[in-house]
Every structure is written in C-alpha cells, then in structure tokens.
Number of protein chains: 2
Amino acid sequence: MVLGQDTIVVNGAGQRQNAVTAGQSVPAASMNSARNGKSNATIYDVAMVAGVNPSTVSRALSKSGRVSARTQKLIEAAATGLNFHANPFARALHTGRTNTFGLIVADLTSPASFDIIRGAGITATVRNYTLALAGSADSTVTELIAARRMMATVDGLILASPCMDDDDIRTLARDKPVVVINREVDGVPCVVPDESKGIREAVRSLAANGHTKVAFVAGPPQSPMSIRRWEAVQASCEFSRLDAVRLDSSRPTVDGGRQVAQDVRASGVTAVLTSNDLLAFGLMQELQAAGMVVPDEISIVGFDDIFGAGFTTPPLTTVRSPREECGSGAATLLLDLLHGTALSSGVPTIVTELVQRGSSGRVSARKMSPARCRRHEIEAELRRRA
Amino acid sequence: MVLGQDTIVVNGAGQRQNAVTAGQSVPAASMNSARNGKSNATIYDVAMVAGVNPSTVSRALSKSGRVSARTQKLIEAAATGLNFHANPFARALHTGRTNTFGLIVADLTSPASFDIIRGAGITATVRNYTLALAGSADSTVTELIAARRMMATVDGLILASPCMDDDDIRTLARDKPVVVINREVDGVPCVVPDESKGIREAVRSLAANGHTKVAFVAGPPQSPMSIRRWEAVQASCEFSRLDAVRLDSSRPTVDGGRQVAQDVRASGVTAVLTSNDLLAFGLMQELQAAGMVVPDEISIVGFDDIFGAGFTTPPLTTVRSPREECGSGAATLLLDLLHGTALSSGVPTIVTELVQRGSSGRVSARKMSPARCRRHEIEAELRRRA
DNA sequence: TTGTAGGCGTTATCAG
DNA sequence: CTGATAACGCCTACAA
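Every value quoted in this text rests on a predicted model; they were computed, and no experiment measured them. Each chain carries its own residue numbering, running from 1 in the direction its sequence is written. Working convention: letters from A go to chains and numbers from 1 go to ligands, in the order in which they are written. Predicted model: local features are reported for residues with pLDDT of at least 70 only, side-chain atom pairs are reported and counted for 80 or more only, and whole-chain, interface and lining totals are derived from all residues. Only hydrogens and water are set aside when side-chain values are computed; all heavy atoms of the structure are taken into account.

## A look at the pairing of strand β6 (residues 213-218) of chain A
Residue and element names in this part refer to chain A.
Here is step 1 of the chain: Burial runs high along β6: five of the six residues are buried.
Here is step 2 of the chain: For two strands to pair, DSSP has to find at least two bridges joining them. Helix and strand definitions follow DSSP, with helices as H or I runs of at least four residues and strands as E runs of at least two, each counted in order from the N terminus. Here β6 pairs with strand β7 (residues 243-248) via six bridges, running parallel. By the bridge assignment, Val214 is partnered in β7 with Ala244.
Here is step 3 of the chain: Traced from β6 through helix α11 (residues 224-240) to β7, the parallel crossover comes out right-handed.
Here is step 4 of the chain: One ladder, built from four bridges, connects β6 with strand β8 (residues 271-274); its direction is parallel. Each bridged residue has a counterpart across the sheet, and for Ala215 the counterpart in β8 is Val272. Only protein chains enter the calculation, and the probe is 1.4 Å; a residue is then buried if its accessible area is under 20% of its type maximum, exposed if over 50%, and partly exposed in between. Crossover handedness is defined here as right-handed if the route from the first strand over the helix to the second strand goes clockwise, with the strands pointing away from the viewer.

## Overview of the protein's contact with DNA strand D
Here is step 1 of the chain: Any residue with a non-hydrogen atom lying within 4 Å of a molecule or strand is treated as near it. Neighbouring DNA strand D are 26 residues; A:Ile43, A:Arg91, B:Asn53, B:Thr56 and B:Thr71 lie closest to it.
Here is step 2 of the chain: Of what DNA strand D places within 4 Å of the protein, 64% of the atoms are sugar or phosphate.
Here is step 3 of the chain: Two N or O atoms form a polar contact when they lie within 3.5 Å of each other; inside protein one atom must be a possible hydrogen donor and the other a possible acceptor, and for residues adjacent in sequence the pair counts only when both atoms belong to side chains. Within the contact set of DNA strand D, a phosphate oxygen lies 3.0 Å away from a side-chain nitrogen or oxygen of A:Ser58.
Here is step 4 of the chain: One of the side-chain N or O atoms of B:Asn53 is found 2.7 Å from a phosphate oxygen in DNA strand D.
Here is step 5 of the chain: Looking at the surface near DNA strand D, the elements with two or more residues in it are α3 (43-50), α4 (54-61) and α6 (88-95) of chain A together with α4 (54-61) and α6 (88-95) of chain B.
Here is step 6 of the chain: The dominant element in the surface near DNA strand D, judged by the number of residues it contributes, is α6(A), at four residues.

## Some remarks on the interface of chain A and chain B
Here is step 1 of the chain: Residue-level contacts link 44 residues of chain A with 45 residues of chain B.
Here is step 2 of the chain: As used here, buried area is the combined drop in accessible area, with a 1.4 Å probe, of two parts when they are placed together. In total, about 4,100 Å² of surface goes out of reach between chain A and chain B, with carbon and sulfur atoms giving 68% of it.
Here is step 3 of the chain: When the area that chain A buries against chain B is broken down by residue, the three leading residues are A:Phe89, A:Arg149 and A:Phe311, summing to 18%.
Here is step 4 of the chain: Here a salt bridge means any side-chain nitrogen of Lys or Arg lying within 4 Å of a carboxyl oxygen belonging to Asp or Glu. At the surface where chain A touches chain B, the tally comes to zero salt bridges.
Here is step 5 of the chain: Secondary structure elements with two or more residues in the side of chain A that touches chain B: α6, α7 (111-126), β2 (130-135), α8 (140-151) and α14 (277-289) of chain A.
Here is step 6 of the chain: The element that contributes the greatest number of residues to the side of chain A that touches chain B is α7(A), accounting for seven residues.
Here is step 7 of the chain: Examined bridge by bridge, β2(A) and strand β2 (residues 130-135) of chain B share three bridges and lie antiparallel to one another. Its bridge partner being in β2(B), A:Ala132 is matched across the sheet by B:Ala132. The contact criterion used throughout is that any non-hydrogen atoms of two residues lie within 4.5 Å.

## Overview of the relation of the copies chain A and chain B
There are two copies of the chain, and a rotation about an axis plus a shift along that axis relates them.
Here is step 1 of the chain: Our superposition of the copies is a least-squares fit, built on the C-alpha atoms of residues whose pLDDT is at least 70 in both. Structural alignment of chain A on chain B gives an RMSD of 0.2 Å, achieved by rotating through 180° and translating 0.1 Å along the axis. Such a turn and shift between the copies fits a two-fold axis.
Here is step 2 of the chain: Comparing interface residues between copies, 100% of those in chain A also lie at the interface in chain B; the contact surface is shared.

## Observations regarding the pattern of salt bridges
Here is step 1 of the chain: In the structure shown here, the tally under the stated rule is 33 salt bridges over all chains.
Here is step 2 of the chain: Via salt bridges that share partners, A:Glu195, A:Arg228, A:Arg229, A:Asp304 and A:Arg323 belong to a single interconnected network.

## Regarding the sheet that holds β8(A)
Whenever strands of a sheet pair, they do so through backbone hydrogen bonds, lying parallel or antiparallel.
All names here are of chain A.
Here is step 1 of the chain: One open sheet accounts for six strands, arranged β7-β6-β8-β9-β10-β11; its pairing is mixed. Of all the strands in the sheet, just β7 and β11 (353-355) have a single pairing partner and so form its edges. Ignoring which end each strand starts from, the neighbouring axes of this sheet average 25° apart.
Here is step 2 of the chain: The axes are straight lines fitted to the C-alpha atoms, using for helices just the contacting stretch, and the angles between their N-to-C directions are given from 0 to 180°. Packing of helix α10 (residues 195-208) onto the sheet brings it into contact with β6, β8, β9 (299-304), β10 (317-320) and β11, and relative to β11 it is tilted by some 45°.

## Some remarks on helix α10 (residues 195-208) of chain B
All names here are of chain B.
Here is step 1 of the chain: Helices are assigned an expected span. That span is 1.5 Å times one less than the residue count. For α10, spanning 14 residues, the distance from its first C-alpha to its last is 20 Å, which sits close to the expected 20 Å at 1.5 Å a residue.
Here is step 2 of the chain: Looking only at α10, the buried set comprises Glu195, Gly198, Ile199, Ala202, Val203, Ser205 and Leu206. Burial along α10 is one-sided: seen end-on, the buried residues are contained in an arc of 160°. When the buried face of α10 is taken as reference, the exposed residues oriented beyond 90 degrees from it are Arg204 and Ala208.
Here is step 3 of the chain: Elements in contact with the buried residues of α10: β6 (213-218), α11 (224-239), β8 (271-274), β9 (299-304), β10 (317-320) and β11 (353-355).
Here is step 4 of the chain: Gly210 occupies a position one or two residues after α10 and carries a positive phi of about 90°. It is the directions from the helix axis to the C-beta atoms that the arc portrays.

As far as function goes, none of this settles anything; it's purely spatial.
Following this line, the structure appears as structure tokens:
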C-alpha cells in the first residue's frame, strides 16, 4: 500500500497502452481526454499514451540518448500531442538547474543600467534562458537580500556595479557562478571595460584644445567605478601636464550635477569631466542657466554615452562605455561558465572611446554680450520649466 | 524496504533529538557539523536539531500557525542556526507558487519599455517577488515563446504592449493571472492610461496657437496603441475643427522619425504629433537638418515623455504617459490578484497630460534669414555626426 | 534498450 | 498541537 497509488497509475498506463497504440496514429483530440483542462501533462501521461514506462519518456525527452529511434519518435509524438512540457521545478529539484540567471543592477533608475539590462536580456532570450532582474537602489543590504533571494532560484548571477563587499561577492560566488560587471573582484570573473583609453582620449583632446586645468566630478566617493575613473583621469592629466581637481557630487544623478555646478564655477577650471552622463546633463543645464556658454566658456565631457547624450544642446561629448556589450558579454560568459564551454580567452575585452560632440572644444575667453547673456538665461529658464 | 531510507532518516532524527535538546542551547558550530559545506539544510536537518518531526518544521516555518510557541521558537532557532532556507523548487513543485512574476515588453530596446520595467521591478522588490524579464523584439512568435517559457515558472504574467492576438492572451490568462499594459483585451485585466485627455490637451493647445492642419505620425499600423492614439487624435481634431492626416512610419524609432520627415514636409502641415517620442526625436533632427525651425515653422509634439525629452533643442513638447506607474500598477494589480486581495476598484486610473515645452508653439510664417538658415544647417550636421 | 524503485525537499491530509 | 505519510513531477542508478 505504501506505493499504492503509484502502482495503480502504472497499471493504468499498462492498460491504456494497448488501447492507444493499437491505432498507431494518435489524434490530438483523444489525447486531451486523458488530461483535459487544468494541470499540465506529465511524463506519466506521455508514457501512457506512448505505451512505455515513464522513465523511458524522461530519457527520451532529456536527450540523454539510450532510446531506440522507434520509441523516441513514438514518445515525441505523444509529447507534442499532449502539449507536454517538463515541469521545471520537478527538474530543478533534482538537477538544481533552472535555465534562469539573475541580474542585479545598482540602480534601476538610471538609463545606464538599462543598457546592461538590455544586453543581458537579449542574450538570455537568444540562449533560451530566463532573466531574473532586480535593482539594489544602491543599498548594500538591499543588494545582498536580492542576491540571496536570487541565488536560490537561478543557475548563476550577474552583479552590475555592485556595492557590496568583495568578500560578500566571493561568498556568493562559492555557491554558484557569479560574473561582475564594472568592478574587479579577485577570484571572480569580471567584465570591466578599459576606461583608461577613452579617458586618455578625452584628456588629450582637452589638452589639445588649450585647457590647462580640469575638474572631475565624482559620483559617490566610495563607488569603485567612480574611483577608477578618477584615477584614470589623474593619470592622463599627469601625462598631459594638466591640473586636475576632484569635485564630489551628492548623488550621481542629473540633480547631483546641478548641485555641483557652483563648485565647478568656483574651481575656476575651463573643462570638466563627469563620472557619468547624468551628472553632465545636470551640470550643463545649471551652468547654462547661469549664463555660461558651453563649450565657449567651459567644456563638458560626460561618461557612458547614455541615450539622450546626443540630444542635448550642445550635444554632449562623452566617453562611450559600451554597456550593452558589458551586459551581453557578462551573460555570455556566465552561460559559458555554466555549460563548461567558457572560452580560454575568458573575459572579453571591452574598450571605451571618446565621442567628440559639441560640448567640448577650444578654450576661449570670449565674453558674452548682454543680449546674448539674456537670451541664454531665457533659454535656460525654459529648459528648467520643461 | 520501500520507504526504507525515509524511515532511517526519521529514526536518525529521533535518536539525535535527545542528544541535542538535552543541551538546550545549540551552538552554531555544532550545527554545521550536521551538514557542512555544499548542499543546503533541509527541514529534516532542522527537525533533527530541534527534535521534532519534519512536518512540524514545515508548519512552523510556513507560518501556517498551529504550532506551540515553544516549539516554534525551538524550530526557528534551529533554522537560523543551520542557515536554513526552504528550497523554492520543492515548494513550487507542491504548491505551484514561485514568488516570481514575469514581464514581457514589446521592445527591450526602447527607453519607453525601461520605465515600465522599472515600475514593475521596484514593485516586485517591495513585495518580495522576483521579476522575470523578457523582450519580444516586436515579434509575435518571439513573444509567444517567451510567454510560454515564462508561464511555466512564474505565478503570473504582465504583458506590456503585446503584439500577439487577443485570443492568445486570453489563452495564457486561462492558465495563470495575466495583466496587460497599454492595450485592452476583453476578459483580461488591463492597465491602460487614458490617453484621450493628454491628446485633447495637445490638440487644443495646437488649435489655440493657430494651427489648422496637423499630421499624426503613426508607429506600426497594426499596433493597437498607435491605432488608439490616432483615433484619439482624430476625435480631438474633429472637435477642435482641425484637419488631421495620418502618416505611417516604417518603425517607431528615431530612425523611423527621420525617414518620415519628407512626408511631413510634403503634407504641408504646420504641426505634427508623433505616436511616440523616439519618432519625434528623429523627425525633429531631420527637419532641423533640412533647415526648418522648430517651432517657428513647424510644431512637434511627441508622446510618452521618455527620458531625454527635456534635453532636446528645443525641448520636446509631449504627452506624458506615466509608464512607470503603469508598470508598478500592473504589478500591484497582478500581485493582489495572486493574493486574492485585489481591490474592488480593479484597474487603477492612469491619466496622461500635455507637457508643454519648446517644440510647439504659435504658427508663424517667418522665413529664416540666410545666415540663420546656414547656422541651423551646421548645427544639424553637428547633431547628426554626434 | 527498457523497466523498477527510489529520492529530491516541501506541503497537505490525516490520524492521534 | 504533533507525527506519519502520501503526493508533487522528474531523474537516475540499477536491474532485467
């Protein structure tokens, strides 16, 4: 009696087996009667229809071979006829695999995150994976909670610009494959673009245009990405013999950019690089609102080349960071890791480049005429109201 | 022997029960020895440590009550000590619930999708759900495949601007709760903003500024959203006694907007509404590149108010559609449906409004001076290179 | 090649 | 309130 019900089912299968296979061709309509309505067909149903044992169905459908061609075909026909789809939980319970990977981005609110999401999402679809998404709102605890929740249900995890400790990341990575974007963590595969190249180009261009002192507007001071970029800026400036000062913003957003405008003016620089485009947007708005002309009086160079960078006035010069590539690259890497097909090359090389637009250019001390100044004020006001 | 192993395990629990509870306090270190390293603790382990039956652990931990306070505390201590986390697959296998819901957006590439994703994502996190995301690349088959894949692993599904048939949607909805965004489907809960209000405001503003003939640039002709918006435009124009012509774009993107510029000029209108902001961006660029002045010679009104709409020159007048609200509203609705706590109000009312910026205004036949024309050409060229 | 007999970790339904 | 036990659907030694 212990396995009574199971036995009954199997017997049932045995009985129907002949009835069905006798006809050989199996009209879909008759199949539905076996399991009409609600719950999905199981391998037991398929086995019943195909007249074989459930385990044979499992073998046939999980492509592990070891099934005769005839049986295979029979089972496949029955499966499609019943519209059978293996229950992923039952499978996961046994195999631990879900065909799902997670992506946690630092800020679900930033357009920069979106590019990463897109890259990872497209790759997921292409590789027949499901993408689980979460944002950490730039909070370490939220991020950890999200990561842990995900770890239970995914095959692997991508952390984009994470704010948690290196050790936390490594702990996660011990459990399941983890790929980090935009940050280097020892012992964990990372996809981080080579930002020095783009920054070098930017600084060189500024130097060539006669600038001698530039400011770097950092994001949150503890952000590894911001730190990395600032160091690269310093190095490039040193090489090009430019003075570089660092200004901290309250937040790495458009508003943060607006707020840092005063500091920028006070610093007396003729050019400013920002740690991301959002900051540049806000900074440029505020500077223009104050009557300054970009790039005549001050050059602005952003970072990332997010959507919209080409639409500002003037269009924003920026260091393009191929974030979509980062997303898809990380996803590809993770999936390869998962399938044991990781290329020897490992982490793909992703390179940044300067996108020269209108917001940066030659130093010119040209003062604005009163009329022009007035016009700019009006424009700025309009823009602010927008 | 049939259930031999089970019996052994249970006996094992019984044996250890005394040994452990004798000490009362249970040092974490000693617990680890029970299940060190790899695989996670199970309710059997917890039961063993707490000295109770696994089913009691299940009851205690799934908050279904019916457990004495003392036992509850004992079990919780054991669980945290062992760092126990219920295996979601095993749970799902039995309950069918995963605390995950799916979101399928029409186009992972569009900034408009992002707002929806953000809204849904934030709501998911807040309600302790995992969000599974997929894009359909505006393809019916891709969308259906994604939907089916998801259906197997989620508790419910949100379809944002889906392109599949109403019937397909209803079929999905028979299986699990489905909420549709941006489209009305009979018998399925839908979150669709009231676009007529915003459009009415836009048309009225155009009429008040002396325009008499406007064009509407549609997205893909079969897109329900585009159709709905065109109908609303027609209705409003009729009311305001404006002529309205419809122009079709190849694709609802910036490029599509550029390509439709010629048709717009040929149509001889003085104002144009586009089915989304992307189209407006491209259209404005192209028109300006051809030397036209916005809004002096032509007014442009977009739709959605996506990120970046405030950064163009002139800033884009647009009908704001609160897409993030749609995303969070749909998620909230879905989750409430899932928990049987759906409000009687049902679908939240979401309303659009005109955001008046610089790209629309009074009709003026003012011709450009040659110098001004030249300047605009240069600016447009710069913008294009950007 | 195919069938048998568990087991994966939980929940739910019974008895007690 | 607690314990025993049968599902849930699939996978996989092992046996035949």
